[in-house]
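Residue-level structure breakdown
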Amino acid sequence: MAIENLFDSASSVMTVVSFTTFVGILWWTFRRSNSDFDAAARLPFADEALDHPAQAAAAQEERKHG
């Protein structure tokens, strides 16, 4: 009888812990800023400055003034 009560209590506790973990993961996922993703999205184009340095410098100057 006592072991059945222990299993019932453990089951309830694990349900609450699992739900709390799930909510924590959702919160962690959606609180992140988009700047991390924006920086990662620009990575494929980062080597263009190495391929064509004159064009990259001109484009950078244009962005500064425009």
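Rules used throughout
Residues numbered from 1 in each chain as written. Predicted model: local features only at pLDDT ≥ 70, side-chain atom pairs only at ≥ 80, totals over all residues. Heavy atoms only, no water. Helix = DSSP H or I, 4+ residues; strand = E, 2+ residues; numbered from the N terminus. Buried < 20%, exposed > 50% of the residue type's maximum accessible area, 1.4 Å probe, protein only. Areas by Shrake-Rupley, 256 points an atom, 1.4 Å probe, with all protein chains shown as cover. Phe/Tyr/Trp six-rings, centres within 6.5 Å; stacked < 30°, edge-to-face > 60°. Lys NZ or Arg CZ within 6 Å of the ring centre and 35° of its normal. pLDDT = per-residue confidence, 0-100. Patch = residues over 30% accessible without salt bridge, like charges linked within 9 Å, V, L, I, M, F, W, Y side chains within 5 Å. Salt bridge = Lys/Arg side-chain N within 4 Å of Asp/Glu carboxyl O.

**A look at the overall build of the protein chain**
From N to C terminus, the protein chain includes 4 helices and 0 strands. Going residue by residue from the N terminus, the α and β elements of the protein chain occur as α-α-α-α. Within the protein chain, the proportion of its 66 residues that are buried is 0%. For the protein chain, the computed accessible surface area is about 6200 Å², with 65% contributed by carbon and sulfur atoms.

**Focus: the packing of aromatic side chains**
Going through the model one piece at a time under the given rule, you end up with 0 aromatic pairs. Seen from the ring of Trp27, Arg31 lies directly overhead, with NZ or CZ sitting 5.0 Å from the centre.

**So, the confidence of the model for the protein chain**
The predicted model of the protein chain has a mean per-residue pLDDT of 79, with 79% of residues at 70 or higher. The element-level mean pLDDT for the protein chain is lowest in helix H3 (residues 48–51), coming to 64, with helix H1 (residues 2–31) highest at 88.

**Focus on a nonpolar patch on the surface**
Together, Phe19, Phe22, Val23, Leu26 and Phe30 make up a nonpolar patch on the protein surface, roughly 550 Å² of accessible area in all. Note that Phe19 resides in helix H1. Relative accessible area serves as the criterion here: at 56%, Phe19 is assigned to the exposed category.

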